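# Descriptive structure summary
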Amino acid sequence: EHAEKMETEFMEADVEGIEDCGEYKTVLTAEGPREARAVIIASGATHSHLGVPGEAELSGMGVSYCATCDGAFFRGKTVAVVGGGDVAVEDAIFLARTCKKVYLIHRRDSLRAAHSLQKSMMALENVEICWNSVVECINGEESVRSVTVSGRDHGRRELDVQGVFIAVGIRPNSECFIGNIAADERGYLIAEEDCATSMPGVFAAGDIRTKKLRQIVTAVADGANAVEGVQEYLMER
């Protein structure tokens with residue numbers, strides 16, 4: 001509403017790339033090119049999915065990708081966390097504080113998470129690790145009822161859970177910018193707190209940029225920093 005009040009022009013189109021044309025930047029879209037003196041990229045990142053039956057159907061009804069966001073809904077209940085990295089182990093520790101039981105489902109026989117996190121989780125009596133296991137499907141109708149797991153050690157079994165927290169990574173929505181704008185090995189656009197990228201006049205804000213914490217509060221802060229960066233960039237010209 002604020003943007004509309006400022007007479008901002010809105011356009012819906014798939015972005016295909018960006019080019020540095022000196023004073024102007026050209027944003028390539030499926031609806032044709034658009035020129036601007038400065039550009040803020042805020043295309044975010046997408047949680048990696050398991051791609052198993054029931055995941056999409058029960059998303060928001062027991063399937064979650066953020067334990068700190070949704071964990072409070074499962075107080076006193078049994079849940080499963082899928083993954084083996086820092087985020088997955090941190091989620092398991094967080095959920096174990098209020099949940100009756102937490103299963104950590106990991107496809108390998110060792111975790112990738114930091115040793116200190118592993119040690120903290122291993123000390124929790126209500127956390128059970130399902131080693132060498134993968135999720136086959138998430139079961140339920142109006143809400144999650146169970147998860148079917150296939151494991152090398154225990155074969156195929158069904159775990160009675162009311163929630164499934166998927167922590168198998170986050171993918172930045174940066175494919176169309178790679179090559180023209182510097183990115184790290186995971187595809188996040190390299191930008192510090194000022195949100196400036198390697199292309200002069202182009203700024204990256206939110207989950208798309210390199211940063212430690214990706215939450216709404218840090219994305220909002222990036223928005224303010226990016227706008228300030230744009231203003232300074234334009235004033236210098």
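Scope of this entry: the structure provided in the associated data block. (Residues numbered from 1 in each chain as written. Predicted model: local features only at pLDDT ≥ 70, side-chain atom pairs only at ≥ 80, totals over all residues. Heavy atoms only, no water.)

### Details of the overall build of the protein
Operational definition: Numbered from the N terminus, helices here are DSSP runs of H or I no shorter than four residues, and strands are runs of E no shorter than two. Buried residues are those whose accessible area, probed at 1.4 Å on protein chains only, stays under 20% of the maximum for their type, while exposed residues exceed 50% and partly exposed ones sit between those limits. Contacts were defined at the residue level, with two residues in contact if any of their heavy atoms lie within 4.5 Å. With residues, only the protein chains shown are counted as cover, and all accessible areas are computed by Shrake-Rupley using a 1.4 Å probe. By the counting scheme adopted, Arg and Lys are positive, Glu and Asp are negative, and His together with the chain ends is not counted. By convention, the charge on Lys lies at NZ, on Arg at CZ, on Asp at CG and on Glu at CD.
Summing up its helical and strand segments, the protein has 5 helices and 15 strands in all. C-alpha atoms of the protein, sized along the principal axes, occupy 65 × 40 × 30 Å. Per-residue burial for the protein yields a buried fraction of 41% across its 237 residues. Contacts in the protein between residues far apart in sequence, at least 24 positions, make up 51% of those at least 6 positions apart. When the accessible surface of the protein is split by element, carbon and sulfur atoms take 50% of a total near 13700 Å². Here the protein contributes 24 positive and 38 negative side-chain charges, whose respective centroids are spaced 9 Å apart.

### Describing the pairing of strand S1 (residues 15-21)
Quick reminder of the rule: Think of it this way: DSSP has to see at least two bridges between two strands before they count as a pair.
Relative to strand S2 (residues 24-29), S1 runs antiparallel, the two being bridged by 6 bridges. Paired with aspartate 20 across the bridge in S2 is lysine 25. Counting the residues that bridge the hairpin from S1 to S2 gives 2 residues, and of these glycine 22 lies at a positive phi of roughly 80°.

### A word on a negative patch on the surface
Put simply, the rule reads: For patches, a residue must show more than 30% relative accessible area and have no salt bridge; joins then use 9 Å for like charges and 5 Å for nonpolar side chains, namely Val, Leu, Ile, Met, Phe, Trp and Tyr. In the sections that follow, a salt bridge refers to a side-chain nitrogen of Lys or Arg positioned within 4 Å of a carboxyl oxygen of Asp or Glu.
On the surface, a cluster of negative charge is contributed by Glu192, Asp194, Glu228 and Glu232. Along the chain, glutamate 228 turns up in helix H5 (residues 216-235). When its relative accessible area of 42% is taken as the criterion, glutamate 228 is described as partly exposed.

### Concerning the pattern of salt bridges
Pairing between side chains becomes possible if they bear opposite charge and their charged atoms approach one another. Here the structure, examined in full by the defined rule, presents 9 salt bridges. The salt bridge partner of arginine 171 is glutamate 175, with a shortest N-O separation of 3.0 Å. The exposure class of glutamate 175 is exposed, given its relative accessible area of 51%. What you see here is one network of salt bridges that share partners, running through Glu193, Arg209, Lys211 and Asp222.

### Digging into the state of the cysteines
The condition that has to hold: Our working definition of a disulfide is a cysteine sulfur pair at a distance within 2.5 Å.
A full pass over the atoms with the stated rule returns 1 disulfide. Between the sulfur atoms of cysteine 66 and its disulfide mate cysteine 69 the distance is 2.2 Å. Sign of the S-S torsion, about 65° for the bond between cysteine 66 and cysteine 69, identifies this disulfide as right-handed. Cysteine 195 takes part in no disulfide bond, and the closest cysteine sulfur to it belongs to cysteine 176, at a distance of 18 Å.

### Examining the sheet that holds strand S7 (residues 78-82)
Across the sheet, 5 strands lie side by side as S6-S13-S7-S8-S9; this open sheet has parallel pairing. Single-partner strands in this sheet number two, and they are strand S6 (63-64) and strand S9 (127-130). Sheet topology note: the S7/strand S13 (residues 163-166) ladder contains 4 bridges and is parallel. The partner of alanine 80 across the bridge, within S13, is valine 164.

Honestly, that's just the spatial picture; any functional story needs more than this.
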